[in-house]
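The residues making up each chain are set out below.
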Amino acid sequence: MYRFLMSRQWVILTLIALLLIPTMIRLGIWQMHRYEERTARNQLVTDALAAEPVPVEKLTAPGHTVTSAERYRTVTAKGRFDTENEVVVRRRTNSDDEVGYHVLTPFVLDDGKVLLVNRGWIPSDGPSQTTFPKVPAPPRGEVTVEGRLMPDETTAASGIKNIQGLPDRQIMLINSEQQARRLDARVLGGYIAQTSPEPQGDTPELMGNPGKEDAALNYAYAIQWWLFAAAVPVGWTVLARREARDRARKAAEAADPSEAEPAAV
């Protein structure tokens, strides 16, 4: 009854099924790993935002690489803004996906080191892209700032090309090593996204809280792939049994023509 399974068509179908099952299982395992990775990153964000603020120099120093565990930690610093060496970061978007600039202002600490402060987003509503935009001034004199610690931006991590030959005081990436060379100063590794004090007139627009990755979606995809893997042998069996029944019926009709359905008049 099942000799047809040795036919070319069914051998190919069986091989495809045998290949699909482990492939779908591996895809489910990969999605589960993605779920675990995203869940772990989300937990790091939650822990960092919930941690008490600490002085910035407890977490970073000149040449330091901000780790994933230090990212988003709230830090404080006391000093003054250096607006003369302020730059803007091109092609940045706000919460409404409007394109503009991030304002990056060096913040000189009491011990002379420099902390890079991303003061927030401003629109690119100047007369041209080559003109330095109008930037709201930060507080004058000595002030205490608070913000979330962020790692240096790189092309490899962000996908943003570090274009050369930009207009004066415009940059593509926030990178402490590059700014240390430009300023000829001891710049703390990474930078902070300012959260306090809030700017007057709500500009620059402060950075929002970091979003969390949708880990549950990867979990759902993993279950979906495993269900597909389980459905393959079930589907193969159903098709094989249907084929066997059809062949048995045709064989019976051929052996006893009287059982065949009468032809239409």
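Remember, it's a predicted structure, so these values are computed and weren't measured experimentally. (Residues numbered from 1 in each chain as written. Predicted model: local features only at pLDDT ≥ 70, side-chain atom pairs only at ≥ 80, totals over all residues. Heavy atoms only, no water.)

Visitor: Can you help me understand the pattern of salt bridges in this one?
Guide: A pair can form between side chains of opposite charge whenever their charged atoms are brought close. Within this structure, the stated rule accounts for eight salt bridges. The salt bridge involving Arg34 is made with Glu37; its shortest N-O contact spans 3.7 Å. With Arg34 and Glu37 both in helix α1 (residues 8-50) and three residues apart, this pair spans about one turn of that helix. (Salt bridge = Lys/Arg side-chain N within 4 Å of Asp/Glu carboxyl O. Helix = DSSP H or I, 4+ residues; strand = E, 2+ residues; numbered from the N terminus.)

Visitor: It is not clear to me how the side chain of Asp82 should be interpreted in this structure. Could you clarify?
Guide: Note that Asp82 resides in the loop between β2 (74-81) and β3 (87-93). Buried Asp82, no salt bridge; nearest opposite-charge side chain is Arg80, N-O distance 5.0 Å. Within the structure, Asp82 has its side chain in polar contact with the side chain of Asn85 (distance 2.6 Å). In this structure, Asp82 is in contact with Thr105, Pro106 and Val108, ignoring residues within four places of it in sequence. (Buried < 20%, exposed > 50% of the residue type's maximum accessible area, 1.4 Å probe, protein only. Lys, Arg positive; Asp, Glu negative; His and termini not counted. Polar contact = N/O pair within 3.5 Å; in protein donor to acceptor, adjacent residues only side chain to side chain. Contact = heavy atoms within 4.5 Å.)

Visitor: What should I look at first to understand the pairing of β3 in this one?
Guide: Walk down a regular strand and you will see the side chains alternate between the two sheet faces. Burial of β3 is extensive: five of the seven residues sit out of reach of the surface. Bridge analysis of β3 against strand β4 (residues 99-109) gives five bridges, and the strand direction is antiparallel. If you follow Thr93 over to β4, its bridge partner there is Val99. Hairpin geometry of β3 and β4 is characterised by an intervening segment of five residues between the two adjacent antiparallel strands and by a positive phi of about 65 degrees at Asp97. One ladder, built from two bridges, connects β3 with strand β7 (residues 170-171); its direction is parallel. Bridge pairing in β7 places Val89 opposite Ile171. (Pairing = 2+ DSSP bridges.)

Visitor: When you look at a nonpolar patch on the surface in this model, what are you seeing that I'm missing?
Guide: Taken together, Ile25, Ile29, Tyr219, Ile223, Trp226 and Leu227 make up a surface patch of nonpolar side chains, about 520 Å² in accessible area. Counting residues per element, the ones that place at least two in the nonpolar patch are α1 and α4 (215-255). Looking at the nonpolar patch, the element that brings in the most residues is α4, giving four residues. Structurally, Tyr219 can be placed in helix α4. Residue classification places Tyr219 among the partly exposed residues on the basis of a relative accessible area of 40%. (Patch = residues over 30% accessible without salt bridge, like charges linked within 9 Å, V, L, I, M, F, W, Y side chains within 5 Å. Areas by Shrake-Rupley, 256 points an atom, 1.4 Å probe, with all protein chains shown as cover.)

Visitor: Whenever I open this one, α1 confuses me. Can you help?
Guide: Since one α-helical turn is 3.6 residues long, residues separated by three or four positions face the same way. Compared with an ideal rise of 1.5 Å per residue, which puts 43 residues at 63 Å, α1 spans 63 Å between its outermost C-alpha atoms and is within 8% of the ideal. Every buried residue of α1 is accounted for by Trp10, Ala17, Met24, Gly28, Gln31, Met32, Arg38, Asn42, Val45 and Ala48. Looking at the buried side of α1, the elements it contacts are β2 and α4. (Expected span 1.5 Å × (residues − 1).)

Visitor: What is the right way to read the pairing of strand β8 (residues 191-196) from this model?
Guide: Taken together, the two bridges between strand β5 (residues 114-123) and β8 define a ladder with parallel strand orientation. Residue pairing across strands places Asn118 opposite Ala193, the latter belonging to β8. In the sheet, strand β6 (residues 143-150) pairs with β8 via five bridges, with the strands oriented antiparallel. Bridge assignment links Leu149 to a residue of β8, and that residue is Ile192.

Visitor: Can you walk me through the environment of Pro133 in this structure?
Guide: The residue Pro133 is located in the loop between β5 and β6 in this model. In this structure, the C-alpha to C-alpha distance between Pro133 and Ile122, residues eleven residues apart in sequence, is 8.6 Å. If we ignore the near neighbours within four places in the chain, the residues touching Pro133 are Val88, Tyr101 and Ile122.

Visitor: For this particular structure, what's the right way to read the packing of α1 against α4?
Guide: Think of two packed helices as two axes; the pair is described by the angle between the axes and how far apart they sit. Running from N to C, α1 and α4 point in directions that differ by 165 degrees, and their axes come no closer than 6 Å. Classed by the angle they form, the pair α1 and α4 counts as roughly antiparallel. Once α1 is placed against α4, the crossing between them reads as left-handed. Class assignment for the residues of the contact of α1 with α4 results in 25 nonpolar, six polar and three charged. (Axes fitted to C-alpha atoms, helices over the stretch in contact; angles between N-to-C directions. Parallel < 35°, antiparallel > 145°, perpendicular 65-115°, else oblique. Left-handed = near helix turned anticlockwise from the far one by under 90°. Nonpolar A, V, L, I, M, F, W, Y, C, P; charged D, E, K, R; others polar.)

Visitor: Could you clarify how one ought to interpret α4 in this entry?
Guide: With 41 residues, α4 ought to run about 60 Å at 1.5 Å a step, and its terminal C-alpha atoms sit 61 Å apart, in line with that. A maximum bend of about 25 degrees is found in α4 at Ala231, where proline Pro233 lies one to four positions downstream. Within the sequence span of α4, burial applies to Ala215, Asn218, Ala222, Ala229, Val232, Ala240 and Ala244. For α4, the elements touching its buried residues are α1. (Bend = angle between axes of the 7 residues up to and from the residue.)

Visitor: So what exactly am I meant to see when it comes to unusual backbone geometry here?
Guide: Of note, the bond from Ser196 into Pro197 is cis; its omega dihedral lies within 30 degrees of zero at 0 degrees. With omega at 0 degrees, the peptide bond leading from Thr203 into Pro204 counts as cis. Structurally, Pro204 can be placed in the loop between β8 and α4. Although it is not a glycine, Asp97 sits at a positive phi angle of roughly 65 degrees. Structurally, Asp97 is set in the loop between β3 and β4.

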